[in-house]
Amino acid sequence: MSIRCIVVTPERTELESEADYVSLPMDDGEMGILKDRAPMIGRLGYGTLKLQTAAGLEKYYVDGGFAQVEKNEINILTGTLVPVDLIDAEEARAALEKAREMPASKPEEAQIKDKAVAQARGRLRASR
Amino acid sequence: MANARALDKRRKSVRNIRKITRTMELIATARYKKAMDRAAAVTAYTDKLSHIVKSLAASGTEVQHPLLQPREETKNASLLVLSSNRGLCGGYNASVLRSTMSHLKTMREEVPGVSIDVSGKRGINGLKFRGVDVEDQYLHFEDQPAYAEVEKIASMYLEKFITGKIDRLDVIYTKFISTSKQVATIETLLPLGSLGDDLDDEATTAGVSTGPSAEYEFLPSAESILEEVVPTSFKAKLFKCFLDAAVSEQVARMIAMKGATESAGDMIKQLSMTYNRARQSQITGEIMEIIGGVEALEG
């Protein structure tokens, strides 16, 4: 066991476990973390957090937020953390449809729409 | 002297009420403890968040964001009032409503368009009674507000602020200071002004213990992280407001019910005394009657 992974949401500490390898869903793609990585702070996107533990591969959906890596410890701050098995694909698809129909006539509105679409896509992808 | 039976009936009903208030006190205590734990959990989150903000500042990033800057002209403002769904919690709702009314008056003088959103049945009814139109109502926040629900409201306000539908958001809630002190507070959450006074305070305290001990690499860039940190800290702040309101409600109910239980006890004592006296005088009266009857027969 080499990396300690702690996920904190505003409600509680959701996850605290040890892993050999952690894959973070960054804003611009996935990023793998191994032991002794240099300290970093990163912005997370909407995607799947993967942990390679002794018990096997664990997958969670992460709803944006931040990751902070320091001294073989990963602190993840996010709004919600859901194990991928619990995500309803139908619901995610409906959310994506709804996000696609949002108005985008102004740049501010377009930005909000993009965010909603990205969120729904991340959820849908995680559910598969 | 009052009727002994009527007094006894009254004493019984007071005793029943005391049972209810005592139970309510116990329930409020249990809920208060749970709510406190949740408030502690959100502190862990804000601590880590402020750590990130501190690291960003240390790396020389200029902290600037549209959500942080006040608008030149405030045309439309929103007011969010956090009250409780249930009563029997002392002056909790009254103090929130009192500060709402006075704040609303000053706000209406400054800002042309003010809309009011209220969470909690008591607040909605109280404002309706005072002739204030409420726009959005939330009834689903009890003693454990869920972050997912609060986030929805937060995103809605963020959306409104970014698209320019509102220029300011004030929140009125009961701040929890200690078990014996909760104050109705008005806070301007949008624009954020700075990344928060309490966040800064926490940052300094957290800095002593953990401190940015390393030079961080920012991915994809410090600016991009900042862009995300600001809305997140707004959401965390709003969530903290909801949690504070929930904790304060339970404390207020606990104290109110404790007072009620105590005065019910006093009342029972008083009633028992009057009842015993009434019973005694009734017996004395009956004895006198019997003695009188016997003497009349003998005579």
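Residues numbered from 1 in each chain as written. Chains lettered and ligands numbered in written order. Predicted model: local features only at pLDDT ≥ 70, side-chain atom pairs only at ≥ 80, totals over all residues.

### Some thoughts on the overall build of chain A
Here is step 1: The helix and strand inventory of chain A stands at two helices and eight strands.
Here is step 2: Secondary structure elements in chain A, listed N-terminal to C-terminal, are β-β-β-β-β-β-β-β-α-α.
Here is step 3: A globule of 128 residues ought to have a C-alpha radius of gyration of about 14 Å, and chain A, at 15 Å, matches this closely.
Here is step 4: Considering chain A as a whole, with its 128 residues, one finds that 33% of them fall into the buried category.
Here is step 5: Partitioning the contacts of chain A with sequence separation of at least 6, the portion at a separation of at least 24 is 51%. (Helix = DSSP H or I, 4+ residues; strand = E, 2+ residues; numbered from the N terminus. Rg over C-alpha atoms; globule rule 2.2 N^0.38 Å. Buried ≥ 20, exposed ≤ 12 C-beta atoms within 10 Å, placed from the backbone. Contact = placed C-beta atoms within 7 Å.)

### A word on the domain arrangement of chain A
Residue and element names in this part refer to chain A.
Here is step 1: Its domain assignment divides chain A into domain 1 (3–84) and domain 2 (87–127).
Here is step 2: The gap between the C-alpha centroids of domain 1 and domain 2 is 23 Å.
Here is step 3: Domain 1 puts seven residues into the contact, and the matching count from domain 2 is eight residues.
Here is step 4: In terms of residue class, the side of domain 1 that touches domain 2 is built from four nonpolar, three polar and no charged. (Domains from an automatic or database assignment. Nonpolar A, V, L, I, M, F, W, Y, C, P; charged D, E, K, R; others polar.)

### What to know about the packing of helix H4 (residues 147–162) of chain B against helix H6 (residues 222–298) of chain B
All names here are of chain B.
Here is step 1: Between H4 and H6, the least distance of the axes is 9 Å, while the angle of their chain directions is 125°. Comparing the axis directions of H4 and H6 gives the class oblique. For the pair H4 and H6, the crossing hand works out as right-handed. Taking contact as the criterion, the partners of Tyr147, Val150, Glu151, Ala154 and Leu158 in H4 are, on H6, Pro231, Phe234, Lys235, Leu238, Phe239 and Phe242.
Here is step 2: In the contact of H4 with H6, the residues fall into nine nonpolar, no polar and two charged. (Axes fitted to C-alpha atoms, helices over the stretch in contact; angles between N-to-C directions. Parallel < 35°, antiparallel > 145°, perpendicular 65-115°, else oblique. Left-handed = near helix turned anticlockwise from the far one by under 90°.)

### Comments concerning the interface of chain A and chain B
Here is step 1: Taken together, the 26 residues of chain A in the interface contact 27 residues of chain B.
Here is step 2: Looking at the side of chain A that touches chain B, the elements with two or more residues in it are strand S5 (40–53), strand S6 (56–70), strand S7 (73–77) and helix H2 (107–127) of chain A.
Here is step 3: The dominant element in the side of chain A that touches chain B, judged by the number of residues it contributes, is S5(A), at four residues.
Here is step 4: The residue inventory of the side of chain A that touches chain B, partitioned by class, reads ten nonpolar, seven polar and nine charged.
Here is step 5: Both S5(A) and strand S6 (residues 217–219) of chain B contribute to a ladder of three bridges, which runs parallel. In the strand pairing of S6(B), A:Ile41 is matched with B:Phe218. (Pairing = 2+ DSSP bridges.)

### Remarks on helix H3 (residues 121–129) of chain B
Since one α-helical turn is 3.6 residues long, residues separated by three or four positions face the same way.
All names here are of chain B.
Here is step 1: Taken together, the buried positions of H3 are occupied by Arg122, Gly123, Ile124, Gly126 and Leu127.
Here is step 2: As for H3, its buried residues are in contact with strand S1 (76–82), helix H2 (92–110), strand S2 (113–119) and strand S3 (136–138).
Here is step 3: Phi turns positive one or two residues past the end of H3, at glycine 131, with a value near 80°.

### Some points on helix H1 (residues 4–58) of chain B
Here is step 1: Taking 1.5 Å of rise per residue, 55 residues should cover 81 Å, and H1(B) covers 78 Å from first to last C-alpha, within 8% of that figure.
Here is step 2: B:Gly60 sits one or two positions beyond H1(B) and adopts a positive phi of about 90°. (Expected span 1.5 Å × (residues − 1).)

### A short note on the environment of A:Ser2
Residues and elements named next belong to chain A.
Here is step 1: Tracing the backbone through its elements, the reader meets serine 2 in the segment before strand S1 (3–8).
Here is step 2: Along the primary structure serine 2 and tyrosine 21 are separated by 19 residues, whereas in three dimensions their C-alpha atoms are 8.1 Å apart.
Here is step 3: Non-local contacts of serine 2, meaning those with residues more than four positions away in its chain, are made with Asp20, Lys35 and Asn72.

### Quick word on the confidence of the model for chain B
All names here are of chain B.
Here is step 1: Scored by pLDDT, chain B has a mean of 87; 92% of the residues are at 70 or more.
Here is step 2: Element-level mean pLDDT values for chain B span from 44 in helix H5 (residues 197–209) up to 93 in H3.
Here is step 3: If you check the scores for this complex, the pTM reads 0.85 and the ipTM reads 0.81. (pLDDT = per-residue confidence, 0-100.)

### Notes on the nonpolar core
General note: in soluble globular proteins, nonpolar side chains tend to be found buried as a group.
Here is step 1: Formed by 85 residues in total, the largest nonpolar core has its most connected members in B:Leu82 and B:Phe242.
Here is step 2: It is H6(B) that contributes the most residues to this core, 20 residues altogether. (Core = buried A, V, L, I, M, F, W, Y, C linked by C-beta atoms within 7 Å.)

### Let's talk about the environment of B:Ala264
Residue and element names in this part refer to chain B.
Here is step 1: Residue placement: alanine 264 occurs in helix H6.
Here is step 2: Classification of alanine 264 as partly exposed rests on a count of 19 C-beta atoms within 10 Å.
Here is step 3: With 247 residues separating them in the primary sequence, alanine 264 and isoleucine 17 have C-alpha atoms 7.6 Å apart.
Here is step 4: Discounting chain neighbours no more than four positions away, the residues touching alanine 264 are Val14, Ile17, Arg18 and Thr21.

### Description of the sheet that holds strand S4 (residues 168–178) of chain B
Residue and element names in this part refer to chain B.
Here is step 1: Strand order in the open sheet formed by five strands is S3-S2-S1-S4-S5, and the pairing between neighbours is mixed. The open sheet has two edge strands with one neighbour each: S3 and strand S5 (181–190). Taken over all neighbouring pairs, the strand axes of this sheet differ in orientation by 20° on average, direction set aside.
Here is step 2: Relative to S5, S4 runs antiparallel, the two sharing nine bridges. Within the sheet, the bridge partner assigned to serine 178 lies in S5 and is lysine 181.
Here is step 3: H3 contacts S1, S2 and S3 of the sheet and is inclined by roughly 140° relative to S2.

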